Amino acid sequence: MRVLLLSDIHSNAGALGAVMESAGDVDAVWCLGDVVGYGPDPNECIAKLREIPGLVCLQGNHDAAATGQLALQGFNSEARSSIEWLRGCLETESLTFLQSLRPRCKTNGVTLVHASPRQPLLEYLLDAYSASENLSYFDTDFCFVGHTHIPLIFFFQGRKVSMQVPIHDAKTMLNSRCIANPGSVGQPRDRDTRAAYAIFDHEANTLEYARVSYDIAAVQERMRTARLPDRHIQRLAGGW
């Protein structure tokens, strides 16, 4: 089974469309949350996802905030401004879709969470220590996460943890327990502005990380029209 792993689309329809075209035919799509937030196209992104047969989609912290299931106090002022704008423009079908999501699930023997197995909505897994602290919170070989917007893999050999920055367009063997992050579709933060995603081969136990360019300027212009925070507009062109 060839699975497209998506995360942190963040209302960026241009990036999502480029990823879907680049990935080609897949047997399943697993989205690890934060469909909305930051970007200008929440309804368009949700509509694209809703068209996918058998979609597995998680709730991210921005998705939860958009539906009022997560308080805004934990967000910085710019993120709060973006979420307040978002709440005012979500269509009924989009709101219903977001309300149906949960931040964690298990499918085909793989654990999926938005942030971390220990704290599915909010914890950032950016170092080996944090990853090791999460090892006992999932019981499958593989756990796929999003939230950080940075492609990473944590491999476990017993209690030892190694952290790997994946090579794009090359297959990585998942030959031990691991936590893997495909990176962000709509707002990468690893200084690479291209949309990030990964392909999981369920039979071969491989992950293939990929990047694809999209029209960043067009997305930025839609954000300006919507009067979204300037910092969020600028970071798309810097990958930070």
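Relevant structure appears above.
Since we're looking at a predicted model, the values are computed, not measured. (Residues numbered from 1 in each chain as written. Predicted model: local features only at pLDDT ≥ 70, side-chain atom pairs only at ≥ 80, totals over all residues. Heavy atoms only, no water.)

Novice: Please set out the sheet that holds strand S4 (residues 104-107) residue by residue, giving values where relevant.
Specialist: What the 6 strands build is an open sheet, ordered S4-S5-S6-S10-S7-S8; its pairing is mixed. Bordering the open sheet on either side are S4 and strand S8 (160-164), each of which pairs with just one other strand. Direction aside, the axes of adjacent strands within the sheet are offset by 20 degrees on average. Inspection of the sheet shows strand S7 (residues 152-157) paired to S8 by 5 bridges, in the antiparallel sense. Counted as the bridge partner of Ile153 is Gln164 from S8. (Pairing = 2+ DSSP bridges. Helix = DSSP H or I, 4+ residues; strand = E, 2+ residues; numbered from the N terminus. Axes fitted to C-alpha atoms, helices over the stretch in contact; angles between N-to-C directions.)

Novice: Pulling in residues and values, what's your account of the nonpolar core?
Specialist: Core analysis: the biggest nonpolar cluster contains 37 residues, and Leu6, Leu49 and Tyr197 have the highest contact counts within it. Sort the elements by how many residues they give to this core and helix H1 (residues 13-23) lands first, with 6 residues. If sequence neighbours within four positions are ignored, Tyr197 has contacts with Leu4, Leu5, Leu6, Val19, Ser22, Ala23, Pro182, Glu208, Tyr209, Ala210 and Val212. Ranked by size, the runner-up nonpolar core spans 20 residues in total, among them Trp30, Leu58, Leu112 and Ala198. (Core = buried A, V, L, I, M, F, W, Y, C linked by side-chain atoms within 4.5 Å. Buried < 20%, exposed > 50% of the residue type's maximum accessible area, 1.4 Å probe, protein only. Contact = heavy atoms within 4.5 Å.)

Novice: Got a sec to walk through empty space enclosed by the protein? Specific residues and values, please.
Specialist: Any empty space left between atoms is shown by rolling a water-sized probe over those atoms. Counted according to the given criterion, the structure contains 2 cavities of 30 Å³ or more. Size it by volume and the largest cavity reaches roughly 50 Å³. For the largest cavity, the full set of lining residues is His10, Asn12, Gly37, Tyr38, Gly39, Pro40, Gly186, Gln187, Val219, Met223, His232 and Leu236. Elements represented by at least two residues in the lining of the largest cavity include exactly helix H7 (216-225) and helix H8 (230-236). Taken together, the residues of the lining of the largest cavity sort by class into 5 nonpolar, 7 polar and no charged. The volume enclosed by the second largest cavity comes to roughly 40 Å³. Those elements giving two or more residues to the lining of the second largest cavity turn out to be S7 and strand S10 (177-181). By residue number, the principal contributor to the lining of the second largest cavity is S10, which donates 3 residues. Per-class residue counts for the lining of the second largest cavity are 7 nonpolar, 2 polar and no charged. (1 Å grid on protein atoms, 1.4 Å probe; cavity = no way out; pocket = protein on both sides within 12 Å on 5 of 7 lines; lining within 4 Å. Points joined across faces, edges and corners; volume = space filled by probe spheres on them. Nonpolar A, V, L, I, M, F, W, Y, C, P; charged D, E, K, R; others polar.)

Novice: Can you lay out the sheet that holds strand S12 (residues 206-212) for me, pointing to particular residues and giving the numbers?
Specialist: Within the open sheet, the 6 strands sit side by side as S3-S2-S1-S11-S12-S9. Their pairing is mixed. Since the sheet does not close on itself, it has two edges, and those belong to strand S3 (56-57) and strand S9 (171-173), each with one partner.

Novice: Explain the packing of aromatic side chains to me, and be specific about the residues and the numbers.
Specialist: Evaluated as defined, the whole model comprises 4 aromatic pairs. Look at Trp30 and Phe200: their rings are 6.1 Å apart centre to centre, the planes differ by 45 degrees, and that puts the pair in the tilted class. Highlighted residues: Trp30 in strand S2 (residues 28-31) and Phe200 in strand S11 (residues 195-201), separated in sequence by 170 residues. Every member of this aromatic cluster is reached through a ring pair, and the members are Trp30, Phe142, Phe144 and Phe200. Of note, Arg177 hangs over the ring of Phe138, and the distance from its end group to the ring centre comes to 4.4 Å. (Phe/Tyr/Trp six-rings, centres within 6.5 Å; stacked < 30°, edge-to-face > 60°. Lys NZ or Arg CZ within 6 Å of the ring centre and 35° of its normal.)

Novice: So what's going on with the layout of surface pockets? Residues and values would help.
Specialist: Reported here for the largest pocket is a volume of approximately 240 Å³. Taken together, 16 residues line the largest pocket, and the ones lying closest to its centre are Asn61, His62, Gly74, Phe75 and Tyr124. Looking at the lining of the largest pocket residue by residue, the classes come out as 7 nonpolar, 7 polar and 2 charged.

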